[in-house]
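# An overview of the molecular structure
Next come the chains, spelled out residue by residue.
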Amino acid sequence: MTDIRVWRWFDNTFLDLGRQFRWSYLPPLMIYLAAGVQGLTAIVGTFFIKEYLDLSAAFLAGLGFWVGIPWTLKMPLGHLVDLIWRRKALLVYIGAGLITLSILIMYGIIAHTQAMAEIMGPEIWFVIATLLAPTGYVVQDVVADAMTVEAVPTINEHGDPYPDDEIKVMHTTMQTLGRFAIIGGLAAVAALNITMFSGVEDMSEEIKVAIYADIYLMALVIPLLSISGVILGGVILRRRAQRMREQGQDHAAIDKLLFAPAGETHPNWWILGGSLVFAIFTLTMGISQVPLAQEIIFIGSMSIILFLMYRLMLELDPEMRNMLIGTAIIIFVFRATPLPGPGATWFEIDVLGFDQQFLSVLSLIASLLTLVGMVVLRPMMAKNSIAYVIVILTIASAILALPNIGLYYGLHEWTAAHTGGVVDARFIAVIDTMMESPLGQISMIPMLAWIAKNAPAHLKATFFAVMASFTNLALSASSLGTRYLNEIYTVTREVRDRVDDIVTTAADYSELGWILITVMLIGLLAPLLTVFIVQRSRLHTQQ
């Protein structure tokens, strides 16, 4: 009997995902995979800046702000996709072109530095390449979100409509596979980077430069993946249309169902105008030096996005509107809880002795197990409400925070002494990473599936973009909370003057424990209290 239950669980969890896979899912998955593979050049970029470009840390920090600007344009881009639904693939080609240009510029300044320098300085080329890439990725991401909607069929091969519960399962599967593709890409390039950089410290500068250049040439697979995705998507839609013609459906019905499922979409000037104000506001505040700039940007951005959400929700009936508001509040609070900050990593390096290689191994383990976790938890997400999923994830996150707290207070010393040194700090870190890694990505899957299923047909991409902006603001709130905690509890690492080798700042981790405990308690209580309040109000969600 036990064997039958285990087999049934394995079948429902893993094999059923394979059975539910549809070829129509593949096109957006290829674009998401391209987004994950972009991590291939991350390490190369870091070392190239450090070794070859004369750019200060302050300048690079400012450049990081500009890199984030394109993502503020996701809202109007999402609405643009709805407006040009039939031609949305053009945006993928544009995004792929920008990404390709960015990659080729980086290849040029690495492999043909002198020739590029004769045109412009390498630093200027680097800034151009750095700004082109995120613009390309955000354009493609918006289209991929929209493609996940058309990837889920609403009628079966006999022309009969699917029931709502089956459509919900398909949307959950589609969104799970989307996160799976992104994390899978990250895991693949993490493993590749470990291989490519094996023994690099003993190589000559010429060989290292050659490796850097080769990696950027390999990165040209990124735009190829996304372009292949939209080409395949077109082929699949045309084949689906052919099957419908063979079933006797007329051209008008096929065209409306497959190529214009939303009908005619009119420009929403509130969305376009509000998005423009949002982008201008963020840009203006980002380059200004006013006090509390981060808080002002957060409050202003939140106000604008809430206004845009209000305008969008007028498209929903009251019940769905209340349900979306409740869902958004629950997920926002879950994602807005603070993190320990860099002090926890400093402690692991300085006190626990975790080196770069071990931290890289933890990163790879996290990526791989996130994939497994999304598959294992997919049935739970498909069958239960978002509120239930968030409660489970919240309790699991709190429990899995305990090993990190234990490591700070010397748990590894006690376990090592009683296990002959087997269960040491690294052992505990690996086990904790294996269990904790899936939780962060999983929280967004039910929300994306809900939007794909319930948003108005003519505004699917717009809903994706605006809700993504709202939930991403939760991460900004999390960063603010993390900063506040690190201002209340001071944690410092040892800093030495490079010239005199004199310690200018002493290491002090005495208050790190309070940060870890506070983060755990806020991460547990805030989401649970929010779910309790929302589910007992008219905003409660059953989906």
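Scoring rules and cut-offs
- Residues numbered from 1 in each chain as written.
- Predicted model: local features only at pLDDT ≥ 70, side-chain atom pairs only at ≥ 80, totals over all residues.
- Heavy atoms only, no water.
- Helix = DSSP H or I, 4+ residues; strand = E, 2+ residues; numbered from the N terminus.
- Buried < 20%, exposed > 50% of the residue type's maximum accessible area, 1.4 Å probe, protein only.
- Areas by Shrake-Rupley, 256 points an atom, 1.4 Å probe, with all protein chains shown as cover.
- Expected span 1.5 Å × (residues − 1).
- Phe/Tyr/Trp six-rings, centres within 6.5 Å; stacked < 30°, edge-to-face > 60°.
- Axes fitted to C-alpha atoms, helices over the stretch in contact; angles between N-to-C directions.
- Parallel < 35°, antiparallel > 145°, perpendicular 65-115°, else oblique.
- Left-handed = near helix turned anticlockwise from the far one by under 90°.
- Contact = heavy atoms within 4.5 Å.
- Nonpolar A, V, L, I, M, F, W, Y, C, P; charged D, E, K, R; others polar.
- Core = buried A, V, L, I, M, F, W, Y, C linked by side-chain atoms within 4.5 Å.
- Salt bridge = Lys/Arg side-chain N within 4 Å of Asp/Glu carboxyl O.
- pLDDT = per-residue confidence, 0-100.
- Polar contact = N/O pair within 3.5 Å; in protein donor to acceptor, adjacent residues only side chain to side chain.
- Patch = residues over 30% accessible without salt bridge, like charges linked within 9 Å, V, L, I, M, F, W, Y side chains within 5 Å.

## Notes on the overall build of the protein
The helix and strand inventory of the protein stands at 24 helices and two strands. For the protein, the residues scored as buried account for 48% of the 543 residues in total. In the structure as shown, the protein presents an accessible area of about 26200 Å², 66% of it carried by carbon and sulfur atoms.

## Regarding helix α8 (residues 122–151)
Turn by turn, an α-helix covers 3.6 residues, leaving residues three or four places apart pointing in a common direction. Its 30 residues place the ends of α8 43 Å apart at the C-alpha level, agreeing with the 44 Å of an ideal helix rising 1.5 Å per residue. With 23 of its 30 residues buried, α8 lies for the most part within the structure.

## Let's talk about the packing of aromatic side chains
Taken as a whole and assessed by the stated rule, the structure comprises three aromatic pairs. With a centroid separation of 5.7 Å and an interplanar angle of 80 degrees, the aromatic rings of Phe 347 and Tyr 509 are classed as edge-to-face. Of this pair, Phe 347 sits in helix α16 (residues 342–350) while Tyr 509 sits in the loop between β2 (503–505) and α24 (512–534); the two residues are 162 residues apart in sequence, bridging distant segments of the chain. In this structure, Phe 347 and Tyr 509 share a single accessibility class: buried. Look at Tyr 408 and Tyr 409: their rings are 4.8 Å apart centre to centre, the planes differ by 90 degrees, and that puts the pair in the edge-to-face class. On the accessibility criterion, Tyr 408 (17% relative accessible area) is buried. Taking relative accessible area as the criterion, Tyr 409 reaches 52% and is therefore assigned exposed. Taken together, Phe 347, Tyr 408, Tyr 409 and Tyr 509 form an aromatic cluster joined through their ring pairs.

## Things to note about the packing of helix α2 (residues 26–37) against α8
As a packed pair, α2 and α8 sit with axes 8 Å apart at the nearest point and diverge in direction by 150 degrees. When the axis of α2 is compared with that of α8, the two are roughly antiparallel. Here α2 and α8 pass one another in a crossing that is left-handed. Taking contact as the criterion, the partners of Pro 27, Pro 28, Ile 31, Tyr 32, Ala 34 and Ala 35 in α2 are, on α8, Tyr 137, Gln 140, Asp 141, Ala 144, Asp 145, Met 147, Thr 148 and Ala 151. The residue inventory of the contact of α2 with α8, partitioned by class, reads ten nonpolar, two polar and two charged.

## Re the nonpolar core
Counting 26 residues, the largest nonpolar core has Tyr 25, Leu 29, Ile 31, Val 81, Val 143, Met 170 and Met 174 as its most contacted members. Contributions of two or more residues to this core are made by α2, α5 (74–83), α6 (89–111), α8 and α9 (164–196). At eight residues, the largest contribution of residues to this core is made by α8. Once you skip the residues sitting within four places of it in the chain, Met 170 turns out to touch Arg 22, Tyr 25, Val 152, Pro 153 and Tyr 162.

## Structural notes on the pattern of salt bridges
Applying the stated rule across the entire model yields one salt bridge. Close ionic contact of Glu 487 with Arg 483 constitutes a salt bridge, the shortest N to O distance being 3.2 Å. One end of the pair, Glu 487, and the other, Arg 483, are both in helix α23 (residues 460–488), four residues apart, so they sit about a helical turn from each other. A relative accessible area of 28% places Arg 483 in the partly exposed class.

## Examining the packing of helix α18 (residues 386–408) against α24
Where α18 contacts α24, the axes come no closer than 9 Å and their chain directions differ by 170 degrees. Our classification of the angle between α18 and α24 gives roughly antiparallel. Residues Ala 387, Ile 390, Val 391, Thr 394, Ile 395, Ala 398, Ala 401, Leu 402, Asn 404, Ile 405 and Tyr 408 of α18 form the contact with α24, whose own contacting residues are Leu 512, Gly 513, Leu 516, Ile 517, Met 520, Gly 523, Leu 524, Pro 527, Leu 528 and Val 531.

## Considering the environment of Leu 368
Summarising the element assignment, Leu 368 is placed in helix α17 (residues 356–383). With 181 residues separating them in the primary sequence, Leu 368 and Ala 187 have C-alpha atoms 6.1 Å apart.

## A few points about the environment of Asp 82
Topologically, Asp 82 is positioned in helix α5. Overall, Asp 82 belongs to the buried group, its relative accessible area being 3%. Along the primary structure Asp 82 and Ala 146 are separated by 64 residues, whereas in three dimensions their C-alpha atoms are 8.3 Å apart.

## Some thoughts on the environment of Glu 413
Looking at where Glu 413 falls in the secondary structure, it is placed in helix α19 (residues 411–418). Between the C-alpha atom of Glu 413 and that of Val 423, which follows or precedes it by ten residues, the distance is 8.9 Å.

## Topic: the confidence of the model for the protein
Taken residue by residue, the protein gives an average pLDDT of 75. The fraction at 70 or more is 71%. The element-level mean pLDDT for the protein is lowest in helix α4 (residues 57–68), coming to 54, with α24 highest at 91.

## Details of the side chain of Thr 327
In this structure, Thr 327 sits in helix α15 (residues 318–336). Thr 327 gets classed as buried once you look at its relative accessible area, which sits at 0%. At 2.8 Å, the side chain of Thr 327 and the backbone oxygen of Met 323 are in polar contact.

## Remarks on a nonpolar patch on the surface
Where nonpolar side chains cluster on the molecular surface, the patch consists of Leu 90, Tyr 93, Ile 231 and Val 235 and spans about 340 Å² of accessible area. Looking at the nonpolar patch, the elements that each hand over two or more residues are α6 and α11 (221–246). Residue Ile 231 is classed as partly exposed on the basis of its relative accessible area of 46%.

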